[in-house]
Amino acid sequence: MRRGRRHARAGWSAWVLWGLRRLAGGVGVLWAVATIVFVAIRLIPGDPALAILGGPGSQASAEAVAQVRQEYGLDRPVLVQYVVFLGRLATGHLGDSYAFRTPVATLLGQQLPVTLTLAVLGLVVAWVLAIVAAWWSTQRGRFAAGLTSALSVTASVTPHFWLGSVLIVVFASALGWVPAVSDGTARGWVLPVVTVAVPVAGYLAETVRDGVVDAQRSAFALAARSRGETRAGLFGRHLLRHAALPGIALSAWAFGSLVSGAVVVESVFALPGIGRALVTAVTQRDMPLVAGIALVSAAAYVVVLAVADLVERLVDPRAEATRPGVRTRRRAPRVTGPEAGAR
């Protein structure tokens, strides 16, 4: 009883340490992103004060520029600006957008759900396409495997802007099945979601297919076949669970790719997400908005990495033996024959 309690406490302590390491790593990532954004904005040619006043075309006077520089602290040393910048971010104060004249938190609250919806739906569709491709390529012979592999590689290197343009020409302009730009309906989401999902589905399909091929040679697959398991049952209950593990780990990186791809896709399909806002913020040197978008995207990526790690442990049948704090007992080898009598 006491030994079980000690093992339980050790398991909880290991999980707490794992969480603290994740938290410390996430804080480090956010600090690095904030630093990179601060330096990058400073390296962009031009005066930030002019950007605040509306750009070079605003014809602002020297007195107005000097007043803005003093009001926003742009006349201070760069190191002081950096410390103030980090201090505001640490307290959750993202500032006001120079371009939209609105608090950054308000803008993110309005536009972030659109981008997250696009990324999540894209990841779900990518997984569906990847599983279908893995099933077809492993069950239909060499020709199907070669064709699926070629299509997967082609899809994974297809640029978002080119794919989106082709989909608009074919399915919106020529066939008229769906609208060319977002109109707020479910049909308006079809082309943007497919555009972000296809490249991700390409390398997910290759990863899942390779996992299925490896699992087919394993002992548990042979045992399932000997019990009379059907091909569909073997694939769904045994092979896919084993093959999904690398894909789950890859999904965290895929989510980051989806968010970055949203910058292009939202511009192509006129979606009001943070991708379009980021383009405007960069061109107008809107540092508060750029920093807010970068930090929120990095935070979402850190959370997705942690969730992917947890899901991988739940899906993996060996997770109970490999998770932190869990010890497995080793049985002594069974001795037979003369050696048993000697013992």
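Residues numbered from 1 in each chain as written. Predicted model: local features only at pLDDT ≥ 70, side-chain atom pairs only at ≥ 80, totals over all residues. Heavy atoms only, no water.

## Points about the overall build of the protein
When its secondary structure is counted, the protein shows 14 helices and 0 strands. For the protein, the α and β elements follow one another from N to C terminus as α-α-α-α-α-α-α-α-α-α-α-α-α-α. Counting the 343 residues in the protein, one finds 37% classified as buried. Considering only contacts within the protein whose residues lie at least 6 apart along the sequence, 72% involve residues at least 24 apart. Put simply, the protein shows about 19,700 Å² of open surface, and 64% of that area lies on carbon and sulfur atoms. (Helix = DSSP H or I, 4+ residues; strand = E, 2+ residues; numbered from the N terminus. Buried < 20%, exposed > 50% of the residue type's maximum accessible area, 1.4 Å probe, protein only. Contact = heavy atoms within 4.5 Å. Areas by Shrake-Rupley, 256 points an atom, 1.4 Å probe, with all protein chains shown as cover.)

## Examining the pattern of salt bridges
Tallied over the full model, the rule gives 1 salt bridge. In this structure, the salt-bridge partner of R209 is E206, at a minimum N-O distance of 3.9 Å. Taken as a pair, R209 and E206 lie in helix α8 (residues 190–216) at a separation of 3 residues, close to a single helical turn. Here R209 and E206 have matching classes, each one buried. (Salt bridge = Lys/Arg side-chain N within 4 Å of Asp/Glu carboxyl O.)

## Focus: helix α5 (residues 104–139)
Between its first and last C-alpha atoms α5 spans 51 Å; for 36 residues at 1.5 Å apiece the expected length is 52 Å, and the two agree. In the structure, α5 departs most strongly from a straight axis at Q111, where the bend amounts to approximately 35 degrees and where the proline P113 lies between one and four residues downstream. (Expected span 1.5 Å × (residues − 1). Bend = angle between axes of the 7 residues up to and from the residue.)

## Quick word on the nonpolar core
Core analysis: the biggest nonpolar cluster contains 40 residues, and L118, W127, L191 and V200 have the highest contact counts within it. Elements represented by at least two residues in this core include exactly α5, α7 (160–174), α8 and α10 (231–269). Of all hydrophobic cores here, the second largest spans 21 residues; its members include L108, I274, M287 and A294. (Core = buried A, V, L, I, M, F, W, Y, C linked by side-chain atoms within 4.5 Å.)

## Topic: the confidence of the model for the protein
Here the protein averages 75 in pLDDT, while 78% of its residues score no lower than 70. Per-element confidence in the protein ranges from a low mean pLDDT of 45 for helix α13 (residues 319–322) to a high of 88 for α7. Below pLDDT 50 for its whole length, residues 319–343 participates in 17 contacts with residues either more than four positions away or in separate chains. (pLDDT = per-residue confidence, 0-100.)

## Some points on the packing of aromatic side chains
As enumerated under the stated definition, the model contains 3 aromatic pairs in all. Judged by centre distance (5.8 Å) and plane angle (45 degrees), the ring pair of F171 and W177 falls under tilted. Aromatic ring contacts, followed pair by pair, group F38, Y82 and F85 into a single cluster. (Phe/Tyr/Trp six-rings, centres within 6.5 Å; stacked < 30°, edge-to-face > 60°.)

## Digging into the packing of α5 against helix α11 (residues 274–283)
It is at 8 Å that the axes of α5 and α11 come closest, and there the two elements cross at 125 degrees. Regarding the angle of α5 to α11, the classification is oblique. Packed against α5, whose contacting residues are L108, Q111, L112 and T115, the element α11 presents I274, G275 and A277 at the interface. Each residue belonging to the contact of α5 with α11 can be placed in one class, and the counts come to 4 nonpolar, 3 polar and no charged. (Axes fitted to C-alpha atoms, helices over the stretch in contact; angles between N-to-C directions. Parallel < 35°, antiparallel > 145°, perpendicular 65-115°, else oblique. Nonpolar A, V, L, I, M, F, W, Y, C, P; charged D, E, K, R; others polar.)

## What about the side chain of Q111?
Take Q111: it is sitting in helix α5. Residue Q111 is classed as buried on the basis of its relative accessible area of 15%. Excluding residues within four positions of it along the chain, Q111 makes contact with P272, G273, I274 and A277.

## Concerning a nonpolar patch on the surface
Side chains of F161, W162, V166, V169, V170, L175, W177 and V264 sit close together on the surface and give an oily, nonpolar patch of about 760 Å² of accessible area. Tracing the backbone shows V264 in helix α10. (Patch = residues over 30% accessible without salt bridge, like charges linked within 9 Å, V, L, I, M, F, W, Y side chains within 5 Å.)

## What about the environment of T91?
Mapped onto the secondary structure, T91 falls in the loop between α4 (78–90) and α5. On the basis of relative accessible area, T91 is assigned to the exposed category, the value being 65%. Within the structure, T91 has its side chain in polar contact with the backbone oxygen of R88 (distance 2.9 Å). (Polar contact = N/O pair within 3.5 Å; in protein donor to acceptor, adjacent residues only side chain to side chain.)

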